[in-house]
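Structure at a glance
One letter stands for each residue in the lines below.
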Amino acid sequence: MKILLLSVHPPQGGGSAHSSQELACGLRRLGHEVLHISPYKSEPGPAQYPGLLWFPADFPADLSISPQTQWDIDRHVQAAYLNHGPFDAVILGRESFLWHLPAIREVHHSKPVVLICRGAYINRLVSSEPVDWKIREQLTALYRSCDSIICIARHLAESLHRAVGVSNTLFLPNPIALPAFQPNATCPPAAGQPIRLLMAAQIKSRKRPLDAVEIMRILAARQVEAHLTICGDGADMEKMLNLIRHCGLEKHILVKGRVDRQVVIDCLNSVETVLLCSDNEGRPRVLQEAIAAGRGVVAYDNPGSREVVTEWSNQWPHARLVPIGDAPAASQAILDLAGHFRAKPDPLPPPQLPEPVEVLYQYESALKTLKARAEPAPEFHIAPR
């Protein structure tokens, strides 16, 4: 098949960028021709390889999109389609690209368009947060105009059914290349050793990075020797750095900023627990990576994090979910896990992880089914006797 994927790509776009890249590269390995086109706000970075096409454009960080941004991306997408197409299917790699569906239809016509729902929009639409009625109506119409919606988490499919009224959804997780299970990659921490934590997330309000600083302040006030490494960048970086300085936590928190995925994996293998303070998630990648590596998890109890901890790996025993915004509970959960690890528990068997290639085959099957439905039925002619 010939596939156009419109989505973000590392180093921009957070976890969805890595997942989109893995999907494109995986489908290529299965023999499909995939053109991944991606907007960038600043220099695109070192990634340059066949099948990847960058174009300069802003992309929305909120539910709405400015007319200029929509026009810029529409123009680049249509030009890429006309220069490199036609395509059998178009994949929108995350919900913010729904705004470009009408422009895609102008060149792609009635052939399949698939949306990958990662939660950023639908979680807002089903929350108690007020949403402008016009934007809600526009997004609802765009969701309904997709031929299929692939949800990376089960709870997202349920939200789409409830808020948008669509039934053409399919649950498929990201085909993540997870790290090898290494519960003892570093020696289990001994009594008296510092607690080492990792937070890998975009530094923006939905991820609640200031809560992470408050959690570390509580631990420091209790004279707990704990160190947090933060990987990520975003709009709230300055606020977070100012709060770290205000609380005098420079020796307890190391901020690495935006880093390559391998740096995150290296950090993951040197800590005991991963911290995630998001108020909502789709199916958080970093928690899957933490469980795959045998690490502890302390996360706010949102549907996406809960799904990973309780369903993805049959209730990971080294996980603690706490109420959203409850920094004291999170700090206590970190202490509880630290005590557990230092008590030298029996090693756990490796969790049952999904194989990326098996997930890719399911994506391939879904795309082939849509392509077959879109093709006109063959004509049969009966020869005269």
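Our subject is the structure that appears above.
So, here's what we can say about the structure. Source: prediction; values computed, not measured. (Residues numbered from 1 in each chain as written. Predicted model: local features only at pLDDT ≥ 70, side-chain atom pairs only at ≥ 80, totals over all residues. Heavy atoms only, no water.)

**Topic: the pattern of salt bridges**
Side-chain pairing between opposite charges can occur once the charged atoms of the two side chains come close. With the rule as written, the count across this model stands at 15 salt bridges. In this structure, Glu214 and Arg217 form a salt bridge, with 2.9 Å as the shortest nitrogen-oxygen distance. In this pair, Glu214 and Arg217 are both assigned in helix H7 (residues 209–221), 3 residues apart and thus about one turn of the helix distant. For Glu214, a relative accessible area of 27% gives the class partly exposed. The exposure class assigned to Arg217 is partly exposed, which follows from its relative accessible area of 34%. One network of salt bridges, in which partners are shared, links Glu22, Arg261, Arg285 and Glu289. (Salt bridge = Lys/Arg side-chain N within 4 Å of Asp/Glu carboxyl O. Helix = DSSP H or I, 4+ residues; strand = E, 2+ residues; numbered from the N terminus. Buried < 20%, exposed > 50% of the residue type's maximum accessible area, 1.4 Å probe, protein only.)

**Observations concerning the sheet that holds strand S11 (residues 273–276)**
Read across the open sheet, the 6 strands follow the order S10-S9-S8-S11-S12-S13; overall the sheet is parallel. Looking along the sheet, the strands with just one partner apiece sit at the ends: strand S10 (253–257) and strand S13 (319–322). Neighbour to neighbour, the strand axes of the sheet diverge by 20° on average, direction disregarded. With 2 bridges connecting them, strand S8 (residues 195–200) and S11 associate as parallel partners. (Pairing = 2+ DSSP bridges. Axes fitted to C-alpha atoms, helices over the stretch in contact; angles between N-to-C directions.)

**With respect to the nonpolar core**
As a rule of thumb, nonpolar side chains are buried together in soluble globular proteins. Leu92, Leu139, Tyr143, Ile149 and Leu160 are the most contacted members of the largest nonpolar core, which totals 62 residues. Counting 54 residues, the second-largest nonpolar core is a separate cluster that includes Ala200, Ile253, Leu287 and Trp316. (Core = buried A, V, L, I, M, F, W, Y, C linked by side-chain atoms within 4.5 Å.)

**Examining helix H10 (residues 285–292)**
Helical periodicity: at 3.6 residues per turn, an α-helix aligns residues three or four positions apart in one direction. Counting buried residues along H10, 8 of its 8 residues qualify, which places the element largely inside the surrounding structure. Directly after H10, the chain includes Gly294, whose backbone phi takes a positive value near 80°.

**Focus on the packing of helix H9 (residues 261–268) against H10**
It is at 10 Å that the axes of H9 and H10 come closest, and there the two elements cross at 45°. One finds that H9 runs oblique with respect to H10. The crossing of H9 and H10 is right-handed. Where H9 abuts H10, its residues Arg261, Ile265 and Leu268 lie against Arg285, Glu289 and Ala290. (Parallel < 35°, antiparallel > 145°, perpendicular 65-115°, else oblique. Left-handed = near helix turned anticlockwise from the far one by under 90°. Contact = heavy atoms within 4.5 Å.)

**Some thoughts on the sheet that holds strand S3 (residues 52–56)**
Consider a sheet: its strands pair through backbone hydrogen bonds, and that pairing is either parallel or antiparallel. Overall, parallel pairing links the 7 strands, which are arranged S3-S2-S1-S4-S5-S6-S7 in an open sheet. Bordering the open sheet on either side are S3 and strand S7 (169–171), each of which pairs with just one other strand. Across the sheet, the axes of successive neighbouring strands diverge by a mean angle of 20°, strand direction being ignored. Judged from the 4 bridges that link them, strand S5 (residues 113–117) and strand S6 (residues 148–151) form a sheet pairing that is parallel. Bridge pairing in S6 places Ile116 opposite Ile150.

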